[in-house]
Every structure is written in C-alpha cells, then in structure tokens.
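Residue-level structure breakdown
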Amino acid sequence: MVDAAIACADVWKLYGAGGRSWLAGRADPSPEDARAAGFTPAVCGVSLTAARGEMLVVMGLSGSGKSTLLRCMARLTEVEAGVVRVAGRDIGALSPSQLVAMRRETMGMVFQSFALLPHRTALENVAFPLEMRGMGRRARTARARDLLALVGLEGREDFYPREMSGGQQQRVGIARSLAIEPEIWFLDEPFSALDPLIRREMQDEFLRLKAMRGRTIVFVTHDFTEALRLADRIAIMKDGRIEQIDAPDRIVLAPATDYVARFTAEIDRAGVVRAAALAEPLDAVDADAPGPAADADATVRQLGRMLVEDGRERIPVVAGGALIGVMSRRRALGILLGDAACPSRSTTRKPAPRAGRLRAGASPARVPASSGPR
Ligand SMILES: Nc1ncnc2c1ncn2[C@@H]1O[C@H](COP(=O)(O)OP(=O)(O)OP(=O)(O)O)[C@@H](O)[C@H]1O
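Residues numbered from 1 in each chain as written. Predicted model: local features only at pLDDT ≥ 70, side-chain atom pairs only at ≥ 80, totals over all residues. Heavy atoms only, no water.

The next thing to look at is the site of the ligand. What surrounds the ligand is a group of 13 residues, the closest being Ser62, Gly63, Lys66, Ser67 and Thr68. Here Gly63 contributes a backbone N or O atom positioned 2.8 Å from an oxygen atom of the ligand. When isolated, the ligand has an accessible area of 630 Å², and the protein chains bury 61% of it. Listing elements by their share of the shell around the ligand, those giving two or more residues are strand E2 (40-51) and helix H3 (66-73). Broken down by element, the residue count for the shell around the ligand peaks at three residues, all from H3. Among the residues forming the shell around the ligand, the class breakdown is three nonpolar, nine polar and one charged. (Near = heavy atom within 4 Å. Polar contact = N/O pair within 3.5 Å; in protein donor to acceptor, adjacent residues only side chain to side chain. Areas by Shrake-Rupley, 256 points an atom, 1.4 Å probe, with all protein chains shown as cover. Helix = DSSP H or I, 4+ residues; strand = E, 2+ residues; numbered from the N terminus. Nonpolar A, V, L, I, M, F, W, Y, C, P; charged D, E, K, R; others polar.)

In structure tokens form, the structure reads like this:
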C-alpha cells in the first residue's frame, strides 16, 4: 500500500455562497451543473495521493484550479465536499489551534504572493518560524543567515521587503520555508520571479532536500522544463478536474485524453522518455537479447548514438545490471526523430516485469548510457 503523505478524496471547491449544501443535495454533481447554478467550480471531485518522499507537480492552464487545489490541501481554503488527509490526519477536522500547530510543525508553503512580514527584515522574516518553534535568538539568527546565503541574499539580511525586488522577496519566502525543513511542502510557482540561474539552483536545492530527507512536495508550475526536471509524477488539471496523473514519460507516451496529448505536444519527448518506459518483457516479444544494453534510466536522447549506430531491431534494457526487457530500436528512433510527436490516446505500454522474472540473455550493460542531468 502507498504510504500517503497527502490524500484527497472527492474534493470539491466551489466559489459562491451555499456550495456546501448544493453539493450535499446531489449524488453526482458536475462542474457544468455547478456553473449553471451560479457557482465558480474551481476544484471538482479531485481524488489523488502523494506518497511520502514524492514530488508531485501540478500543471494546467491558467484558471484550471491548480492554486485552489493546493490551498485545499493546506486548508488555506475550506472545501465544500470531500476529505483531505495530510500526514494521516483529516485536516478539515482539526481545530484552529491544531491546524496552526500542524502548519508550524509539518507543512512548509511558498505561494505566489510572498506574504512576508513587512515590518521585519529579511533575516527576521526567515527566523520567524524558528522563533515560533522556540529556538533561541542566537541559533535562529545563525540559521537564518545561512539560509539567506543559500538563496543568494548574503548582504541583504537587514533589508525590509519593500526594499527588495520581487525575485529577492521570493527568495526570502523560499528561505523562510526551508528554515524548518517541513515534512510536506506546498509550493505554488515558487520560482516564477527568479532568473534562470538562481531558479535552477533553487530547483537543485529542493531536489537535494527531497532526496536526502524524504520530503513530500506538491509543486505548481507552468513551466514544463521545470516540471520534467522535478516531478516524480505530474497531475494535469483542466476545469477543476485531474485529466491524468502519471510519471512524466507515461504522460507523454500514453496521454489519457486528447487534451493531455495536446497539452504535452510541445514537450521534447526524447529528453523525457527513458529506456525503462520502452522496455517490453522478453516473454512478450519472445526474443533473446544478447549484446550491449541500454540503461533503464537513460533517456532516448542520451541513447541517441547507440540508436543510430546499433543495427539490432531489439536492444536489451538493464536496470542495476539486471535485464528488464527489450526496447524496439525503431520505436526509440521514432521518438528521437520526433516522428510520433502526438501519440494516440490508446497508446499503452505493458509494464516491464521485475528483473528477477526474466530470463537473462544479456550480459550487464556493456554500453553504459551516459548519465547526464535530467
Ligand atoms: N477567491 C476566489 N473567488 C472566486 N473565484 C475564484 C477565487 N479564486 C479562484 N477563483 C476561480 O477559481 C478557478 C480556479 O482558479 P485557480 O487560481 O485555482 O487557477 P490556477 O490554475 O491556479 O490559475 P493560474 O495558473 O492563473 O494561477 C478560476 O476560475 C478562478 O477564477
């Protein structure tokens, strides 16, 4: 069973008075009915889980409900129906003081509006959550200094928010959320005001924290490059609903709806799809797979030279030295050359069986795939 850090079950958020009773009176409400009844449906029957240690990225067009969903998860807005569980607790059932304590101890948030305390300096803003936790002045000041240096704001410790640019204020907000290293982070376009270089550094910092400390992160972005770099899974929203929630390569290889196919049409598929996603089980294709192998984690782009130069129709795919299946060279080349830019909805992939179940016909990868950055 998935160890869920966050679980939403049939969550609805309608803007407009009386949404709760309107929903309570309906067995099968639809966003269209809600709109006809005068509500603005922002989140419509969303069910999802984020596993402990997972980075779940939420994407969708403007107005599709991403921010509202995040706010529902953090109970910054009250839901009209459904249940949100965070770290195993129904947050809708928490008293105000319990909610404050949970936010202080378990959750970190960075939202588009930086919500800095205007009468406190950058240093005091970052130290504030530590003060709330009862950390002594000297220790929290030292920690806040380190965090400001981490986000590139050394020398600006004594500036007030009004004296800083939007990007600098955003970095103070990020440093503040990092201060307590919470178990669960809600990030709504946290890097939108940052220059590309610092943006990438901040992405790296969150990836590092996630990997080292097993943090769970729900991250809203409009930027596909950012999503692909960060996400374990991507949820794509449309009109308050989740169209698909899946690993990035599944989203591009097997879009669940025409909308997802169109939404993801511009993605550089060769940089996203990994050999593991193309590996078919050996028993399904009934072939031996001797010779040099592709690493399961390598993207099609990283395997480019092998795909062009290797004449075999099927290339073995290995994970951790064990054979997990074979990849059709023709299919991989098609992705590399952009032939199948818009795959059909019906595209399906048989899941590759676990390594132990396969007969091993190949030696461990003799052509190790390069392992460049994602
Ligand atoms: N406070 C509010 N009152 C009324 N309607 C709202 C409110 N906040 C959001 N909405 C509406 O809810 C819907 C979803 O908005 P939301 O901000 O969640 O979308 P989003 O996908 O995050 O958009 P963006 O990418 O532009 O930030 C939109 O139709 C929006 O107009």
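By rolling a water-sized probe across the atoms, one finds the places where empty space is left. There is about 630 Å³ of room inside the largest pocket. What lines the largest pocket is a set of 21 residues, among which Arg103, Met107, Met109, Pro129 and Arg176 lie closest to the centre. Ranked by residues supplied to the lining of the largest pocket, first place goes to strand E6 (residues 107-110) with four residues. Within the lining of the largest pocket, the residues separate by chemical class into 13 nonpolar, four polar and four charged. (1 Å grid on protein atoms, 1.4 Å probe; cavity = no way out; pocket = protein on both sides within 12 Å on 5 of 7 lines; lining within 4 Å. Points joined across faces, edges and corners; volume = space filled by probe spheres on them.)

Before going further, it helps to spend a moment on the packing of helix H6 (residues 137-150) against helix H7 (residues 166-179). Any two packed helices are characterised by the angle at which their axes cross and by the distance between the axes. Contact geometry of H6 with H7 gives a least axis separation of 9 Å together with a crossing angle of 130°. Classified by the angle between their axes, H6 and H7 sit oblique to one another. Like other packed secondary-structure pairs, H6 and H7 cross with a definite hand, here right-handed. For the pair H6 and H7, the contacting residues are Arg143, Leu147, Leu148 and Leu150 in the first and Val172, Ala175, Leu178 and Ala179 in the second. Residues belonging to the contact of H6 with H7 are distributed by class as follows: seven nonpolar, no polar and one charged. (Axes fitted to C-alpha atoms, helices over the stretch in contact; angles between N-to-C directions. Parallel < 35°, antiparallel > 145°, perpendicular 65-115°, else oblique. Left-handed = near helix turned anticlockwise from the far one by under 90°. Contact = heavy atoms within 4.5 Å.)

Next up on the list: the packing of aromatic side chains. Evaluated as defined, the whole model comprises six aromatic pairs. Centre to centre, the rings of Trp185 and Phe206 are 5.1 Å apart; their planes meet at 70°, and the pair counts as edge-to-face. Of this pair, Trp185 sits in strand E7 (residues 184-188) while Phe206 sits in helix H8 (residues 196-213); the two residues are 21 residues apart in sequence, bridging distant segments of the chain. Exposure remark for Trp185: the relative accessible area of 0% places this residue in the buried category. Exposure remark for Phe206: the relative accessible area of 1% places this residue in the buried category. A centroid spacing of 5.7 Å and a plane angle of 55° characterise the contact between Phe191 and Phe206, whose relative ring orientation is tilted. Of this pair, Phe191 sits in the loop between E7 and H8 while Phe206 sits in helix H8, and the two are 15 residues apart along the sequence. Exposure class is identical for Phe191 and Phe206. Each is buried. An aromatic cluster of at least three residues, connected via ring pairs, comprises Trp185, Phe191, Phe206 and Phe219. Its end group placed over the ring of Tyr259, Lys238 keeps NZ or CZ at 5.3 Å from the ring centre. (Phe/Tyr/Trp six-rings, centres within 6.5 Å; stacked < 30°, edge-to-face > 60°. Buried < 20%, exposed > 50% of the residue type's maximum accessible area, 1.4 Å probe, protein only. Lys NZ or Arg CZ within 6 Å of the ring centre and 35° of its normal.)

Of note in this structure, Asp10 is not a glycine but carries a positive phi near 50°. With respect to the helices and strands, Asp10 occurs in strand E1 (residues 4-15). What makes Asp10 partly exposed here is its relative accessible area of 44%. With phi around 45°, Glu189 is a residue other than glycine that occupies positive phi space. Note that Glu189 resides in the loop between E7 and H8. Note on Glu189: relative accessible area 14%, which makes it buried.

Here the focus is the environment of Glu243. Mapping Glu243 onto the fold places it in strand E10 (residues 241-246). Filtering out sequence-adjacent residues up to four positions away, Glu243 remains in contact with Ile236, Met237, Lys238, Ala256, Thr257, Tyr259 and Val260. At 2.7 Å, the side chain of Glu243 forms a polar contact with the side chain of Thr257.

The subject of this paragraph is the nonpolar core. By size, the foremost hydrophobic cluster in this structure holds 67 residues, and its most contacted members are Val57, Leu148, Ile174, Ile234 and Met327. Formed jointly, this core draws a minimum of three residues from each of two domains, domain 1 (50-71 + 91-263) and domain 2 (272-357). Not counting the four nearest positions on each side in its chain, Met327 is found in contact with Ala275, Leu278, Ala294, Leu303, Leu307, Glu313, Arg314, Ile315, Val317 and Ala332. Formed by 30 residues, the second largest nonpolar core is a distinct cluster that contains Val11, Ala74, Ile91 and Val220. (Core = buried A, V, L, I, M, F, W, Y, C linked by side-chain atoms within 4.5 Å. Domains from an automatic or database assignment.)

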